[in-house]
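Summary of structural features
Residues per chain, in single letters:
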Amino acid sequence: GATGTFIVGGNWKCNGTHDSVEVLVNGLNAGTIDANVEIVCAPPFVFLNQVLDTLDKSKFSIAAQNCWIGDGGAYTGEVCANMLTDLSIPWVILGHSERRSLCGETNDIVGTKVAYALSKGLKVIACVGESLEERESGTTMKVVEEQLAAIANVVDKTGWKDVVVAYEPVWAIGTGKVATPDQAQEVHAGIRAWFANSVGADVASSVRIQYGGSVNAGNCAELAGMEDIDGFLVGGASLKAEDFVTICNSAK
Ligand code: PEP
């Protein structure tokens, strides 16, 4: 496993109201969190200020779920990296499978976004993962390696210190069909091997690799016990404070 701190992200996706965010934040603030875990909550853009003002930042950091590919300007509907750093938001999730499949984000677009966000001082949770069809045809590692290579092509070696890789098999996201601990471990080990061969042994041993896809309060402990699982990226279960706190405290 990686040398760094266990890291859990909560991806709230396109959910919530002002009032439900208040309830969730209050629940999170009330939770008892292990000292040795890093936690990043990613609300929708419109709730970032509310969460910045109310979430206990001694326990939780904040991420955006996406940002624009470059400088701000005439890009209606977009939010750029500088706007996030201006609000002191340290993290951004990039390349989530929903953005890849629903919003047309290619490997190259995701690579460019990651490089640009890093250049502006953001830390990045970079998501990769194969579809069911790709898994069944035996191309999982090829797909994941191509997604990683598109980032490595434009990010220099030192940049990886601010990147967390989220391995999220598409077939496990929001489906209730979690990867088995062995399935996840196999890909995480493969990702670490790819880093060793393609980026450097130092990055391979330090890069944190999260598993994402139907993680919940019941299945997190077994997954967290796997050698190369260094944290989780959590969707649905991150909307329930109690479950999310359980997941955050599942580190080995
Ligand atoms: C996600 O979207 O990052 C995710 C893992 O979702 P869920 O936990 O709901 O499967």
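Residues numbered from 1 in each chain as written. Predicted model: local features only at pLDDT ≥ 70, side-chain atom pairs only at ≥ 80, totals over all residues.

With respect to the site of the ligand
Around the ligand, a shell composed of 13 residues is seen, among which I173, G174, G212, G235 and G236 lie nearest. Taken together, the residues of the shell around the ligand break down into 5 nonpolar, 7 polar and 1 charged. (Near = placed C-beta within 6 Å. Nonpolar A, V, L, I, M, F, W, Y, C, P; charged D, E, K, R; others polar.)

A closer look at the confidence of the model for the protein
Low-confidence regions, as indicated by low pLDDT, have predicted coordinates that should not be scrutinised in detail. Across the protein, the average pLDDT comes to 97, with 100% of residues at 70 or higher. Taken together, the chains of this predicted complex give a pTM of 0.98 and an interface ipTM of 0.97. (pLDDT = per-residue confidence, 0-100.)

Observations regarding the nonpolar core
Ranked by internal contacts, the top residues of the largest apolar core, which has 79 residues, are A63, V92, A117, I125 and A126. If we skip the residues at most four places from it in the chain, I125 touches G9, A63, W91, I93, V164, A166 and L233. (Core = buried A, V, L, I, M, F, W, Y, C linked by C-beta atoms within 7 Å. Buried ≥ 20, exposed ≤ 12 C-beta atoms within 10 Å, placed from the backbone. Contact = placed C-beta atoms within 7 Å.)

What about the sheet that holds strand β5 (residues 123–128)?
If you walk around this closed barrel you meet the 8 strands as β1-β2-β3-β4-β5-β6-β7-β8, and the pairing is parallel. Adjacent strand axes in the sheet meet at a mean angle of 25 degrees, parallel and antiparallel pairs treated alike. (Pairing = 2+ DSSP bridges. Helix = DSSP H or I, 4+ residues; strand = E, 2+ residues; numbered from the N terminus. Axes fitted to C-alpha atoms, helices over the stretch in contact; angles between N-to-C directions.)

Thoughts on the pairing of strand β8 (residues 231–234)
In β8, alternate side chains face the same way, and those of G231 and L233 on one face and F232 and V234 on the other are all buried. Bridge count between strand β1 (residues 6–11) and β8: 4 bridges; the pairing is parallel. Note on β8: the bridge partner recorded for G10 is V234. Pairing of strand β7 (residues 208–212) with β8 involves 2 bridges; the strand directions are parallel.

Thoughts on the environment of A42
You can see A42 is positioned in strand β2 (residues 37–42). As for A42 and I62, which are separated by 20 residues in sequence, their C-alpha atoms are 5.8 Å apart.

Some remarks on the packing of helix α1 (residues 18–30) against helix α11 (residues 241–248)
At their nearest, the axes of α1 and α11 sit 9 Å apart, and the two run at 40 degrees to each other. The angle between α1 and α11 falls in the class oblique. Like other packed secondary-structure pairs, α1 and α11 cross with a definite hand, here right-handed. Every residue of α11 that contacts α1 at L24, G27 and L28 is listed here: A241, E242 and F244. Of the residues that constitute the contact of α1 with α11, the class distribution is 4 nonpolar, 1 polar and 1 charged. (Parallel < 35°, antiparallel > 145°, perpendicular 65-115°, else oblique. Left-handed = near helix turned anticlockwise from the far one by under 90°.)

Overview of the environment of M83
For M83, the position within the fold is in helix α3 (residues 81–86). Sequence separation of M83 and D156 is 73 residues, and the distance between their C-alpha atoms is 24 Å.

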